[in-house]
Structure formats: structure tokens, C-alpha cells
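Residue-level structure breakdown
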Amino acid sequence: MLVFKQKEGFLSARIVETEAYLGSQDPASHAYRGVTPRNRVMFGSPGRSYVYFTYGNHHCLNVVTEEEGTPGAVLIRAVEPISGIEMMTKRRGQDKLEALTNGPGKLTQAFGITREHSGIDLTSGPFYMAEENSKKWIPIRATKRIGITQAVDLPFRFFWLGNKFVSVT
DNA sequence: TCAATGATGGGCT
DNA sequence: GCCCATCATTGAC
């Protein structure tokens, strides 16, 4: 679960689609060519957010995964809204539930996540991730990553097959 | 339903 | 100066 307690309201959502990015072995990764001011949190301690601005319009949220000194992150590609749907709808200018957070740029807009939220420890609040209290396990499928031009064949895109909105292709 | 396209601005070669 | 881990809109079918 992705959770963000804000003064405007309590937001939470189930993470249903992700993509993994490595470091020096992955040409599609921001960390491929070494440390820069933008990507430096990817080289830091795990469990922190890495948020970047792209295409002149959008922010994308990642979680740093590897131990300090080794770059690696997981891009959050889609979530299913649980709480704070009214706030998400307002921010997105979009009232179709399926279109609220079914893309990496959409979910950051719905949650109000920007570069200011990069480098934050996600293991404690108010901006954090938590395990869902669910009894039911539904499998995950891996496919090729999308929206990239390098290393296009690595099967690092992961879907939760119980999701309602994102089609597995 | 799907492919093509313009908007838009920061990051890096 | 070119690239880009995107989105909403447009127009063809």
C-alpha cells in the first residue's frame, strides 16, 4: 500500500503495477552512467523515495531498493485508490475512477507528489508504504518494461493480477 | 479501441 | 541541442 497523510486528507492506494530499474547493468536506468545531482538518492540507503520530473509535465515515484552505494529502484507505475478518492479526483481533474491513478504520472498528480518528496524514508509516516492487510494472495506476472528505448527485453514490469484497472499485456 | 501527436521543461552529452 | 521510466487529445476505423 502507498499511504500519504496530508493536511488536505488521508490518501491510500494499493500498488498494482511496478517496474524495476538496476544500475550500471541497465541502460534504461537513470543510474546507468553514474551519480548525478538528480539520481543521487538511487545510490543512497534503501527504503527511500526517488521522485523525478520528466517530459516537462510529470513526476514519477520510485522506491530505492539496494544497499547504500549500489543504485537500484522500483518505479510505481499504477495504484488502485482506496482512501481520499475525492481529493485525487479534484487534483486530477478527472472523475473516472479507472483513470485516476493508472499511470506513473497520474498517481503522483493524484497524491500531490513532487521532487520535494524525493529522498524521504518510506518506512515511517506521513508518507510511507505498508503491507496490505489481506488474506488473499493473487499472483504477479512479469512482462517487458514499456516507455523506454534501452534494454527493452528485460522482464522487469510486474503486475498484480488481482487489479481491476491495468491490463496485463 | 487504438495509433499518432503536441505540450513541456529539466537533465545530461 | 537532443533526449525522455508521460499524458490528454485527436482522428481513423
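Note: the structure precedes this text.
Residues numbered from 1 in each chain as written. Chains lettered and ligands numbered in written order. Predicted model: local features only at pLDDT ≥ 70, side-chain atom pairs only at ≥ 80, totals over all residues. Heavy atoms only, no water.

Description of the protein's contact with DNA strand C
Close to DNA strand C lie 19 residues, the nearest being Tyr 52, Asn 62, Arg 92, Gly 105 and Gly 147. Taking all atoms of DNA strand C within 4 Å of the protein, the share assigned to sugar and phosphate is 59%. In the environment of DNA strand C, a base nitrogen lies 2.5 Å from a nitrogen or oxygen atom belonging to the side chain of Asn 62. Arg 77 has a polar side-chain atom sitting 3.2 Å from a phosphate oxygen of DNA strand C. (Near = heavy atom within 4 Å. Polar contact = N/O pair within 3.5 Å; in protein donor to acceptor, adjacent residues only side chain to side chain.)

Quick notes on the protein's contact with DNA strand B
Around DNA strand B sit Arg 33, Thr 36, Pro 37, Arg 38, Phe 53, Tyr 55, Gly 56, Asn 57 and Arg 115, and those are all the residues in its vicinity. Backbone atoms, meaning sugar and phosphate, make up 70% of the atoms of DNA strand B lying within 4 Å of the protein. Within the contact set of DNA strand B, a base nitrogen lies 3.3 Å away from a backbone nitrogen or oxygen of Gly 56. Class assignment of the residues belonging to the surface near DNA strand B gives a composition of three nonpolar, three polar and three charged. (Nonpolar A, V, L, I, M, F, W, Y, C, P; charged D, E, K, R; others polar.)

A closer look at unusual backbone geometry
Across the junction of Gly 125 and Pro 126, the peptide omega takes the value 0°, indicating a cis bond. Within the chain, Tyr 55 stands out as a residue other than glycine whose phi angle is a positive 55°. For Ala 151, which is not glycine, the phi dihedral falls at a positive 50°. Mapping Ala 151 onto the fold places it in the loop between strand S7 (140-143) and strand S8 (157-160). On the basis of relative accessibility, which here comes to 24%, the residue Ala 151 falls in the partly exposed class. (Helix = DSSP H or I, 4+ residues; strand = E, 2+ residues; numbered from the N terminus. Buried < 20%, exposed > 50% of the residue type's maximum accessible area, 1.4 Å probe, protein only.)

Considering the side chain of Ser 49
Looking at the secondary structure, you find Ser 49 in strand S3 (residues 49-54). Separated by 2.6 Å, the side chain of Ser 49 and the backbone oxygen of His 117 make a polar contact. Dropping the residues within four chain positions of it, Ser 49 is found in contact with Val 41, Leu 61, Asn 62, His 117, Ser 118, Gly 119, Ile 120, Leu 122 and Phe 127. (Contact = heavy atoms within 4.5 Å.)

Section: the environment of Val 74
Following the sequence through the fold, Val 74 ends up in strand S5 (residues 73-83). Between the C-alpha atoms of Val 74 and Ala 28, which are 46 residues apart in sequence, the distance is 12 Å. If we ignore the near neighbours within four places in the chain, the residues touching Val 74 are Thr 18, Glu 19, Ala 20, Leu 61, Asn 62, Val 63 and Thr 65.

Here we look at the pairing of S8
Where strand S2 (residues 9-21) lies against S8, three bridges are found, and the strand directions are antiparallel. By the bridge assignment for S8, Glu 17 is matched with Phe 159. With four bridges connecting them, S7 and S8 associate as antiparallel partners. Looking across to S8, one finds that Ala 142 is bridged to Phe 158. (Pairing = 2+ DSSP bridges.)

Quick notes on the environment of Thr 18
By the secondary structure assignment, Thr 18 is in strand S2. Note on Thr 18: relative accessible area 15%, which makes it buried. A C-alpha to C-alpha distance of 4.9 Å links Thr 18 and Arg 77, two positions 59 residues apart in sequence.

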